[in-house]
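# Summary of structural features
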Amino acid sequence: MSAGTRNGDLADAAQAIGAIERPAQTVAPGPGPLPAASMPLALRPVPRRVLVTGATRGIGAAVAQALAAAGWHVTLAGRARAALEEVRVTLPITEALAHDCVELDVTDAASVARAFAEVHAKGGALQALVNNAGAVETGPLARLPLAAWDRMLAVNLTGVFLCTQQAVKLFK
């Protein structure tokens, strides 16, 4: 198999799963801006919406800050509404772009479904999901309680599955 064929196959596969987006048409160079429909999704000048889990502190809050500064509409998601609101009020706002919060427990399928239904009701489509919620227990493995192990798996694996499963329904 030649490298060109393989790269073409990989590009086709990436497009099929939505990892990349190819322009629908080729636009001849000329005066004026490039039509938004022919731009890659990440470059389109429309507000893009992202949901960030585990957004109350650390990496989640920092990612939310960076995305808001880049012009994304950010929906902060986590278990504590008050902590989410504390982060929300620090996000930069551009052109009447109001960020919002949604309370959810990533380990609870019903909670995740309710949260994504709320997101959909507020604004429709999502363009991205940041699965940042995480749990870690430290210490010697020999003394790690099974309940702690189960909690890490529920947050770090099942939570990602549940959120991604709901998010793909809203991706546009």
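Structure: above.
No experiment lies behind these values; they were computed from the predicted model shown. (Residues numbered from 1 in each chain as written. Predicted model: local features only at pLDDT ≥ 70, side-chain atom pairs only at ≥ 80, totals over all residues. Heavy atoms only, no water.)

## Some details on the overall build of the protein chain
When helices and strands are counted, the protein chain shows five helices and four strands. Listing each helix as α and each strand as β along the protein chain from the N terminus yields α-β-α-β-α-β-α-β-α. Expressed as a percentage of its 172 residues, the buried residues of the protein chain come to 29%. In the protein chain, 58% of the contacts between residues at least 6 apart in sequence involve partners at least 24 apart. (Helix = DSSP H or I, 4+ residues; strand = E, 2+ residues; numbered from the N terminus. Buried < 20%, exposed > 50% of the residue type's maximum accessible area, 1.4 Å probe, protein only. Contact = heavy atoms within 4.5 Å.)

## Quick look at the pattern of salt bridges
Under the criterion given, the structure shown has five salt bridges. Across the pair R81 and E103 runs a salt bridge, and its minimum N-O distance is 4.0 Å. One end of the pair, R81, is in helix α3 (residues 81-88); the other, E103, is in strand β3 (residues 100-103), and 22 residues separate them in sequence. Residue R81 is classed as partly exposed on the basis of its relative accessible area, which comes to 32%. Classification of E103 by relative accessible area gives partly exposed; the value is 41%. Bridged by salt links that share partners, the residues R49, D100, E118 and K122 form one connected network. (Salt bridge = Lys/Arg side-chain N within 4 Å of Asp/Glu carboxyl O.)

## Observations concerning the nonpolar core
Counting residues in each nonpolar core, the largest one holds 16 residues, and the members touching the most others are L51, V102, F116 and L126. Of all elements in the fold, only α4 (109-123) and α5 (146-170) reach the threshold of two or more residues within this core. Considering every element that reaches this core, the biggest residue donor is α5, with five residues. Not counting the four nearest positions on each side in its chain, V102 is found in contact with L51, T75, L76, A77, G78, R81, L84, A115, E118 and V119. (Core = buried A, V, L, I, M, F, W, Y, C linked by side-chain atoms within 4.5 Å.)

## Describing the sheet that holds strand β1 (residues 48-53)
Judged by pairing direction, the sheet is parallel, and its four strands sit side by side in the order β3-β2-β1-β4 without closing on themselves. Either end of the sheet is taken by a strand with one partner, and the two such strands are β3 and β4 (128-130). Neighbour-to-neighbour, the strand axes of this sheet turn through a mean angle of 20 degrees, independent of strand direction. Sheet analysis places β1 next to β4, joined by three bridges and oriented parallel. By the bridge assignment for β4, L51 is matched with L129. The sheet contacts of helix α2 (residues 58-69) involve β1, β2 (72-78) and β4, and relative to β2 the element is tilted by about 165 degrees. Strands in contact with α3 are β2 and β3; relative to β3, the strand with the most contacts, it is inclined by about 160 degrees. (Pairing = 2+ DSSP bridges. Axes fitted to C-alpha atoms, helices over the stretch in contact; angles between N-to-C directions.)

## Re the layout of surface pockets
In this structure, the largest pocket encloses a volume near 410 Å³. Together, 21 residues line the largest pocket, and G54, R57, R79, A133 and G134 are the ones closest to its centre. Looking at the lining of the largest pocket, the elements with two or more residues in it are α2, β2 and α5. It is α2 that provides the largest number of residues to the lining of the largest pocket, a total of three residues. Of the residues contributing to the lining of the largest pocket, the split by class is nine nonpolar, eight polar and four charged. (1 Å grid on protein atoms, 1.4 Å probe; cavity = no way out; pocket = protein on both sides within 12 Å on 5 of 7 lines; lining within 4 Å. Points joined across faces, edges and corners; volume = space filled by probe spheres on them. Nonpolar A, V, L, I, M, F, W, Y, C, P; charged D, E, K, R; others polar.)

## Details of the pairing of β1
Here β1 lies mainly inside the structure; six of its six residues are buried. Burial along β1 is two-sided: R48, V50 and V52 and R49, L51 and T53, pointing in opposite directions, are all buried. Judged from the six bridges that link them, β1 and β2 form a sheet pairing that is parallel. Residue pairing in the sheet places V52 in a bridge with L76 of β2.

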